[in-house]
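Summary of structural features
What follows is each chain in one-letter form.
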Amino acid sequence: MNFNRRGFLKSSALGAAGAIISSSALGNPLAKQRQNLPVITRKLGKTGLELPIVSFGVMRSDNANLIRSALEMGYVHFDSAYSYMGGRNEQMLGEVFKEYPRDSFVISTKVQADGIDRRTGALGPGSTKEAFLAKFEESLGRLQMDYVDIFYFHQPPNREVVLAPQYLEALNEIKKQGKARFVGLSTHSNEPEVIQAAIDSNVYDIVLVGYNFKHQRAGEIKEKIALAAQKGLGIIGMKPMAGAFMDQERQHPINCKAALKWVLQDPNVHTTIPGITTFEMLTENFSVMENLELTEEEKNHLEEAKLVAGLYCGGCDDCTHQCKKHLPVHEIMRAFMYAYGYRDYDHAYAVLEEYNLSSSPCADCNECVVKCPKGILVADRIASVSKLRELPRNMLV
Amino acid sequence: MFRKLYIFMLCCCMTVSSAVAESTWFPEVDGWTMDEYERIYHSGDLWELINGAAEGFLNYGFESLHLAEYTRNDEIIRVEIYSQGSTENAYGMYSAERMPDYRQVKIGAQGYSSEGIVNFFTGPYYVKIMAVGLANVEESKIFEMAVLVDKHLDQPSRMPAVLSLLPEEGREYLSDQYIATNFMGYGFLHSAFTARYNKNGSFQLFIIRSSTEEIRKMLDLYKEMLTEERVHQKDDLYILNDTYNGTVFLAEKDEYLIGILDTEEEHTAVEYINAVIARLP
């Protein structure tokens, strides 16, 4: 669907919006230029919210003028969280948005539950409904709002936590009280399981999922997203820029526009929340709202970026069970990354030592049967990094 | 082959000789057991722990995160030491997450406490100590742990020097910050110390310190970005009609770029810019 901000304001009964919009934003010629240009929108599942395909991930932005300009250009949906910038992120948004009619923007925030064991993902004694609701109320206070449009359970690690009764009760209560129009969850790991649990719950309206061209489990996530969308859930993509760099050393930037377009080629992704910290990004991302087609140059760039990303182990651990000697292959790949990626030889050594590996753990194997899904030549890397074990550790510190 | 290994070894030794050994990051604390769960995160895997928030740390020169948990009976205190590479970066990340209404406590170069947490920075380290969400631990115990960690890290407790150039009059409490990248929403402006003021209305003052060449480059790029009619000069003062940020008053002085935004009051802007210039070394 094509759509522009002026149309959105009209359809949202916000005709008078401009009356109290800050003068600095109105002076923005880019805003005036953009107002009449059509942008692509998609419906956020059964919520019925019609959003432009690119939204604003506010996480690292502390410039109020960036938010004002975004509103003027045609950005509608802004995403924050209880934890971003220790709460200052929500506070800044609260200060900006009080200048605008409440229904001229869509705001989402997230709260992470206390008391969940980071190692095992198990619920602990601190994981209560009350603690969760208290944080949500704090978020509303910082935002200076009576309600948010979307409230997410931030990063439940597994099915058990997604479906924990205390959180489902809290989410239902928030929705019933009108403090959130819609509720959802965000998932950064274990995505297929978490998304499936969200589908099964009949509580969550929206899934916010890390999804990009470099993601190790992009194929699985794509399938699960399709299922969730079919069931009427709204799907919002995060981390679309895949870390913004091809390499761990952050020397080779990713073409962010191409990465953003890649995510949005999937029609089941209804909008995305790339992090925006400059006016340049604001403009560039906006252009994706107008034209989603990947150019040949962008396609080539993404192919190259995928190859470079392949230098690094993604930690999927598909390899360990393949190894005849049951070596902890993905741990050794981690050691390789420390040694060759970060030049942290002591840390690499510590990993090798932890698993009591010799300096040539593959010596009595004739052929390596491990097939890395990323195509990493596992045997070569093991041979290379294991040589560290020939050195006394104190030489590395 | 042997020669190759020798070079590799030499390279290893040179690279890590200045690194702090793993075991020296955390103090031993009487009555508490340091959990076996002690982890180190680097730029490539920090996101596994803190997700998208990792990007903020990376923008402030993140080098590594050392994380440990101390346990005593049912009590658990988690200690996170973010090594940010410089005092400026540690302060920048610390101040980015500091809310003005948190209770200030005397620890490190500066610190605060809130329910179940003590956060502070000292030297190049941003330290977060927390019990919240894990178990109920008295605040005094968390603070005691923070003091021990601070002492163990043994860094000079000083604020970044540029902060002393900010005038006191009218400065809003704990509004000072260091923005390492993308200041004012521009990729070409970086390394800015800033604070908000209230005098004849609210405004923001910033000071960027860099080499004279870099300062000149930032100013030139800024002027180039705006059309000519948006740049006015009165003696040493530039008045920029910024498309996005409104009126910006700027002055360049050797290794410093000093600016005021969010006000139209030229008189106030000049007064504060001059006050900064008067304090320059």
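This is a predicted model, so every value here is computed, not measured. (Residues numbered from 1 in each chain as written. Chains lettered and ligands numbered in written order. Predicted model: local features only at pLDDT ≥ 70, side-chain atom pairs only at ≥ 80, totals over all residues. Heavy atoms only, no water.)

Here we look at the overall build of chain B
The number of helices and strands found in chain B is seven helices and 15 strands. Among the 281 residues that make up chain B, the fraction classed as buried is 54%. Within chain B, contacts between residues separated by at least 24 positions form 58% of all contacts whose residues are at least 6 apart in sequence. Counting only carbon and sulfur atoms, one obtains 49% of the accessible surface of chain B, whose full area is about 12600 Å². (Helix = DSSP H or I, 4+ residues; strand = E, 2+ residues; numbered from the N terminus. Buried < 20%, exposed > 50% of the residue type's maximum accessible area, 1.4 Å probe, protein only. Contact = heavy atoms within 4.5 Å. Areas by Shrake-Rupley, 256 points an atom, 1.4 Å probe, with all protein chains shown as cover.)

Overview of the confidence of the model for chain B
All names here are of chain B. In the predicted model, chain B carries a mean pLDDT of 87, and the fraction of residues at 70 or more is 89%. Scored below 50 in pLDDT, residues 1-22 makes 29 contacts in the model with residues more than four places away or belonging to other chains. The ipTM, which scores confidence in the relative placement of chains, is 0.82 for this predicted complex, and the corresponding pTM is 0.79. (pLDDT = per-residue confidence, 0-100.)

Some thoughts on the confidence of the model for chain A
For residues with low pLDDT, the predicted coordinates do not support detailed interpretation. All names here are of chain A. In the predicted model, chain A carries a mean pLDDT of 84, and 83% of its residues have values of at least 70. Per-residue pLDDT, averaged within each element of chain A, yields its smallest value for helix H2 (residues 23-26) (38) and its largest for helix H8 (residues 165-176) (98). Across residues 1-34, confidence stays below pLDDT 50; counting only partners more than four residues off in sequence or on other chains, it has 73 contacts.

As for the domain arrangement of chain B
All names here are of chain B. Looking at the assigned domains, one finds that chain B contains domain 1 (24-153) and domain 2 (161-279). Together, Glu88, Tyr91 and Arg98 form the three largest contributors to the area buried by domain 1 at its contact with domain 2, with a combined 44%. Here domain 1 and domain 2 share one salt bridge between them. Taking the shortest distance from any N to any O, the salt bridge between Asp176 and Arg98 comes out at 3.5 Å. (Domains from an automatic or database assignment. Buried area = accessible area lost by both parts, 1.4 Å probe. Salt bridge = Lys/Arg side-chain N within 4 Å of Asp/Glu carboxyl O.)

So, the packing of aromatic side chains
For the structure shown, the criterion picks out 33 aromatic pairs over all chains. Ring centres of Phe153(A) and Tyr167(A) lie 4.7 Å apart, and the angle between their planes is 50°; this geometry places the pair in the tilted category. Pair noted here: Phe153(A) is in strand E7 (residues 148-154) and Tyr167(A) is in helix H8, with a separation of 14 residues, a long-range link. Comparing Phe153(A) with Tyr167(A) shows no difference in burial state: the two are buried. Arranged with centres 3.9 Å apart and planes meeting at 10°, the rings of Phe279(A) and Tyr244(B) form a pair that is stacked. Here Phe279(A), found in helix H12 (residues 279-290), pairs with Tyr244(B), found in the loop between strand E13 (237-242) and strand E14 (246-253), and the two come from separate chains. The pair formed by Phe279(A) and Tyr244(B) is uniform in burial state, with each residue classed as buried. (Phe/Tyr/Trp six-rings, centres within 6.5 Å; stacked < 30°, edge-to-face > 60°.)

Quick look at the sheet that holds strand E4 (residues 56-57) of chain A
Residues and elements named next belong to chain A. Ordered by their spatial adjacency, eight strands build an open sheet running E4-E5-E6-E7-E8-E9-E10-E11, and the pairing between neighbours is parallel. If you trace the sheet from one side to the other, it starts and ends with E4 and strand E11 (271-272), each paired once. As paired elements, strand E8 (residues 180-187) and strand E9 (residues 206-210) share four bridges and run parallel to each other. Directly across from Thr187, in E9, lies its bridge partner Val209. (Pairing = 2+ DSSP bridges.)

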